[in-house]
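Chain residues, written in single-letter form:
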Protein chains: 2
Amino acid sequence: MTTSAARMEGALADRDRWTAEDCSIDRAVRAIGSRTSMLLMRESYYGTRRFEDFARRVGVTPAVAAARLRELVELGVLERTPYRDPGQRSRYEYALTPAGVDFLPVVMAFMHWGDRHLAEGGRPPLRADHHGCGADVRTALLCAEDHEVPLDELSFRAGA
Amino acid sequence: MTTSAARMEGALADRDRWTAEDCSIDRAVRAIGSRTSMLLMRESYYGTRRFEDFARRVGVTPAVAAARLRELVELGVLERTPYRDPGQRSRYEYALTPAGVDFLPVVMAFMHWGDRHLAEGGRPPLRADHHGCGADVRTALLCAEDHEVPLDELSFRAGA
């Protein structure tokens, strides 16, 4: 057992005087936290673009895939564009926007935690490394001075 | 629009020959991805320990809080221990385990993404900084050589 927690500073120090009703974690989880949304984002990072491939690779019905992809487009993390193969009708593909690329640490943090704590036989199904360099990749909390920040050195205060 | 994606190497390169059925992202999201679980973990990082405080601060009924806390204990991210205030009956508090502390990057990655993309008026409700140093904290993908890894330099290959 560990007793560590973050440091709640200033107006946040007295926990009986506030609750986190305006919370970016809550907003983000509500917007994009469903299992299907997370797996659709995973597929985008793996290079999937076409509607049929999303539905098949995530293992959901076309109706579910369409509904969740529409939400991700409305949220601004994917962009829908038409394409047409020769002799076929026009179809749609879905590409990551900058806001979608920016979501990568969430998905990778889930992967890394799952690798360490839930992998069958302790063997992660995929290995992520840095192309060229070859070193393993992990998700880290860093400060702007490039220090790694453990939980008990993390301070929260009310936003400006 | 960006066209970037990760690099799928070796046996993963041909996307028509595999689907990510054994996936650490999926396992982790199924185990701990619900909104209530995420907010209970947030409260643990903020220092909440007592059952009544979890229920009130997350804004769920005692029955929902009890069910989700039980799942988090079974998963091994929280540990339940009895305590007793003078003159009161014995109650329970919930402390982070090492596996629970290890989940911090997931919650912080959601917070940072929400801060950047969903904060009302563009103003994040909380500011996270590095205690002592004072620099802002962010979630980053780092390789073991301490390079920051953008999506198009991220390589995936099948696990050993």
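Here the residue index of a chain counts from 1 through its sequence in written order. Here the convention is simple: chains get letters from A, ligands get numbers from 1, in the order in which they are written. The predicted nature of this model means local features are confined to residues of pLDDT at least 70 and side-chain atom pairs, given and counted, to a pLDDT of 80 or more, with totals for whole chains, interfaces and linings taken over all residues. To get the side-chain values, take all heavy atoms of the structure and skip hydrogens and water.

Considerations on the relation of the copies chain B and chain A
Put simply, the test is: The copies are overlaid by a least-squares fit using only the C-alpha atoms of residues whose pLDDT is at least 70 in both copies. Contacts are assigned to residue pairs that have any heavy atoms within 4.5 Å of one another.
Superposing chain B onto chain A takes a rotation of 180 degrees plus a shift of 0.0 Å along the axis, which leaves an RMSD of 0.0 Å. Viewed as a symmetry operation, the transformation between the two copies matches a two-fold axis. Counting the interface residues of chain B, we find that 100% of their copies in chain A are interface residues as well, pointing to one common contact surface.

A closer look at the sheet that holds strand β4 (residues 126-130) of chain A
For clarity, the cut-off: Any two strands with at least two DSSP-identified bridges between them are counted as paired. Numbering of helices and strands runs from the N terminus, with a helix taken as a DSSP run of H or I at least four residues long and a strand as a DSSP run of E at least two residues long. Between N-to-C directions, angles span 0 to 180 degrees; the directions come from axes that are lines fitted to C-alpha atoms, helices contributing only their stretch in contact.
Spatially, the three strands line up as an open sheet ordered β4(A)-β6(B)-β1(B), and their pairing is mixed. Only two strands of the sheet have a single partner each, and these edge strands are β4 of chain A together with β1 (7-8) of chain B. Two elements, β4(A) and strand β6 (residues 154-158) of chain B, share five bridges in a ladder whose sense is antiparallel. When the sheet's bridge partners are listed, A:Arg127 is paired in β6(B) with B:Arg157. Set on the sheet, helix α6 (residues 104-117) of chain A makes contact with β4 of chain A together with β6 of chain B; between it and β6(B) the angle comes to about 35 degrees.

Quick notes on a negative patch on the surface
Let me state the cut-off plainly: Think of a patch as exposed residues, more than 30% relative accessible area, with no salt bridge, where like charges cluster within 9 Å and nonpolar side chains (Val, Leu, Ile, Met, Phe, Trp, Tyr) cluster within 5 Å. All accessibility values rest on the Shrake-Rupley procedure with a 1.4 Å probe; residue burial counts only the protein chains present in the view. Only one rule defines a salt bridge in this text: a Lys or Arg side-chain nitrogen within 4 Å of an Asp or Glu carboxyl oxygen. Neither His nor the chain termini are counted; the positive set is Lys and Arg, and the negative set is Asp and Glu. One atom stands in for each charge, and that atom is NZ of Lys, CZ of Arg, CG of Asp or CD of Glu. Three exposure classes are used, based on accessible area relative to the maximum for each residue type with a 1.4 Å probe and protein chains only: buried under 20%, partly exposed in between, and exposed over 50%.
On the surface, A:Glu145, A:Asp146, B:Glu145 and B:Asp146 cluster together into a negatively charged patch. Looking at the secondary structure, you find B:Glu145 in the loop between β5 (137-143) and β6. B:Glu145 sits in the exposed class, given a relative accessible area of 52%.

Thoughts on the state of the cysteines
What counts is decided by this rule: The definition used for a disulfide is geometric: two cysteine sulfur atoms within 2.5 Å.
In the structure shown here, the tally under the stated rule is zero disulfides over all chains. Note on A:Cys133: no disulfide assigned, nearest cysteine sulfur contributed by B:Cys143 at a separation of 3.8 Å. On the accessibility criterion, A:Cys133 (33% relative accessible area) is partly exposed.

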